[in-house]
Amino acid sequence: MDDALVVGGGPAGMSAALYLARYNRSVVLFDTARGRSSHHQTNHNYLGFPEGVPIQRLRELGRAQLSHYPHVRLLQVPVERLTGDAERGFAAVTPQGTYRGRTVVLATGVVDHYPRFEGWEPCVGISLFWCITCDGWENRGRTVLVVGHTDAAAGEALQLQSLTGRITLLTNHEKPEIGTTSRRRLAGAGIPVVEDLIASVSCADGGLIQIVHTTGGVDLPCESVFSIQGATPQSDLAAQLGVELEPTGWIAVDTEQKTSLPGVFAAGDVTALHSHQVTTAVHEGAQAASAANHFLYPEELKG
């Protein structure tokens, strides 16, 4: 039985695996190579990379770093089911077999609700974004289309005004939920609201969005799209274990990344609605690993 099962190979999961490895704990890291860290985005917020670092490159560097620790096994398989508890140990069931560990770190991330149009995936991180903190600066002065039907989307459009004056909001929903106050603010800011659905998108080579075409026949030229259509936390495995979830589906954790179930920890985007940053994920992965390491010590060493 290994010391830890880490589910998710993004920045949070790799950080957790690295810290556990340096505590000399045996680790199985499950990575399906999907999610936010698998797109084409360049991260400019992570300290130590003056020119930014492509998130896929950061994954490569993380894997290379983990390769120095023979007691870390990296498996590119999905975990289909999690069972067990701290007393008996935990079991991760995969298509390749069952793996057992004394602790679990869940770094399963989220699924973003991007607009789905033909050829959308190569645009992610190039001209299709979800985060003003991550990509707003690179889009200053550009023609930006914000896609979303809620007050959160309206707020994003208004916040982007600090970076560009060419903004349009497209609801892309049959029942927009933008309130009266938000509509008034958008009108006062001179931000047009188009209540229509995306029919198709014209893109240039390299994932560059040029025109969004609506079902109502409106053509919206733009240089980038900010999708504010929400994300779903990947918390199914946590639910299988009986871990407490927030009402919105995020995994509830304390300041040490402990969940409600002893021996189970969670880190990264799956733990909170906000602060979805690589820096936050790396920090939470390290904290979860440190808490798991302490959990593994015999009682007489815990102080």
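Our subject in this report is the structure included herewith. On a predicted model such as this, the values are computed, not experimentally measured, just so you know. (Residues numbered from 1 in each chain as written. Predicted model: local features only at pLDDT ≥ 70, side-chain atom pairs only at ≥ 80, totals over all residues. Heavy atoms only, no water.)

## Brief notes about the overall build of the chain
Looking only at helices and strands, the chain has seven helices and 19 strands in total. Computed over C-alpha atoms, the radius of gyration of the chain comes to 21 Å, within 12% of the 19 Å expected from 2.2 N^0.38 for 303 residues, which places it in the range of a compact globule. The C-alpha extent of the chain, read off along each of the three principal axes, is 65 × 35 × 35 Å. Within the span of the chain, comprising 303 residues, buried residues form 50% of the whole. For the chain, restricting intrachain contacts to residue pairs at least 6 apart in sequence, the fraction spanning at least 24 positions comes to 59%. Accessible surface, the chain: about 14500 Å² in total, of which carbon and sulfur atoms supply 49%. Side chains of the chain give 22 positive and 31 negative charges; the mean places of these two sets differ by 4 Å. (Helix = DSSP H or I, 4+ residues; strand = E, 2+ residues; numbered from the N terminus. Rg over C-alpha atoms; globule rule 2.2 N^0.38 Å. Buried < 20%, exposed > 50% of the residue type's maximum accessible area, 1.4 Å probe, protein only. Contact = heavy atoms within 4.5 Å. Areas by Shrake-Rupley, 256 points an atom, 1.4 Å probe, with all protein chains shown as cover. Lys, Arg positive; Asp, Glu negative; His and termini not counted. Charge placed at Lys NZ, Arg CZ, Asp CG, Glu CD.)

## Topic: the sheet that holds strand 16 (residues 219–221)
Across the sheet, three strands lie side by side as 14-15-16; this open sheet has antiparallel pairing. The open sheet has two edge strands with one neighbour each: strand 14 (198–204) and strand 16. The mean inter-strand angle of the sheet, taken between neighbouring strand axes irrespective of direction, is 25 degrees. In this structure, strand 15 (residues 208–214) lies alongside strand 16, joined through three bridges in antiparallel fashion. Of the residues in strand 16, the one forming a bridge with histidine 213 is aspartate 219. (Pairing = 2+ DSSP bridges. Axes fitted to C-alpha atoms, helices over the stretch in contact; angles between N-to-C directions.)

## Some thoughts on the sheet that holds strand 12 (residues 166–170)
Read across the sheet, five strands follow the order 10-17-11-12-13 without closing on themselves; strand pairing throughout is parallel. Each edge of the sheet is formed by a strand with only one pairing partner; in this case those strands are strand 10 (128–129) and strand 13 (193–194).

## Regarding unusual backbone geometry
A positive phi angle, near 65 degrees, is found at asparagine 24, a position not held by glycine. Within the secondary structure, asparagine 24 is located in the loop between helix 1 (11–22) and strand 2 (27–30). Residue classification places asparagine 24 among the exposed residues on the basis of a relative accessible area of 60%.

## Focus: the nonpolar core
In this structure, Val6, Leu20, Val27, Leu29, Leu66, Val105 and Phe265 are the most contacted members of the largest nonpolar core, which totals 23 residues. Elements that contribute at least two residues to this core include exactly strand 1 (2–7), helix 1, strand 2 and helix 7 (278–296). In this structure, leucine 20 is in contact with Ala4, Val6, Arg25, Val27, Ala289, Ala292 and Asn293, ignoring residues within four places of it in sequence. If you look at the next biggest cluster of nonpolar residues, it comprises 22 residues, including Leu5, Ala238, Leu241 and Ile251. (Core = buried A, V, L, I, M, F, W, Y, C linked by side-chain atoms within 4.5 Å.)

## With respect to helix 2 (residues 55–66)
The first and last C-alpha atoms of helix 2 sit 17 Å apart over twelve residues, in line with the 16 Å expected at 1.5 Å per residue. Within the span of helix 2, buried status applies to Ile55, Leu58, Arg59, Gly62 and Leu66. Looking straight down helix 2, one finds its buried side chains confined to an arc of 105 degrees; they lie on one side. In this structure, the buried side of helix 2 is in contact with helix 1, strand 2, strand 3 (42–43), strand 4 (53–54), strand 5 (72–75) and helix 7. (Expected span 1.5 Å × (residues − 1). Arc of directions from axis to C-beta.)

## Overview of the packing of aromatic side chains
Applying the stated criterion across every chain yields a total of five aromatic pairs. Taken together, a centroid distance of 5.7 Å and an interplanar angle of 70 degrees make the contact between phenylalanine 30 and tyrosine 99 edge-to-face. With phenylalanine 30 in strand 2 and tyrosine 99 in strand 8 (residues 97–106), this residue pair connects regions lying 69 residues apart in the sequence. Assigned by exposure class, phenylalanine 30 and tyrosine 99 land together as buried. Here the aromatic rings of phenylalanine 129 and phenylalanine 226 are separated by 5.4 Å at their centres, their planes lie at 40 degrees, and the arrangement is tilted. Of this pair, phenylalanine 129 sits in strand 10 while phenylalanine 226 sits in strand 17 (residues 224–227), and the two are 97 residues apart along the sequence. The pair formed by phenylalanine 129 and phenylalanine 226 is uniform in burial state, with each residue classed as buried. (Phe/Tyr/Trp six-rings, centres within 6.5 Å; stacked < 30°, edge-to-face > 60°.)

## Concerning the environment of aspartate 219
Turning to its location among the elements, aspartate 219 is positioned in strand 16. Separated by 19 residues in the primary sequence, aspartate 219 and serine 200 place their C-alpha atoms 9.8 Å from one another. With near-sequence residues (within four places) excluded, aspartate 219 lies in contact with Ile211, Val212 and His213. Of the polar contacts made by the side chain of aspartate 219, one reaches the side chain of histidine 213; its length is 2.8 Å. (Polar contact = N/O pair within 3.5 Å; in protein donor to acceptor, adjacent residues only side chain to side chain.)

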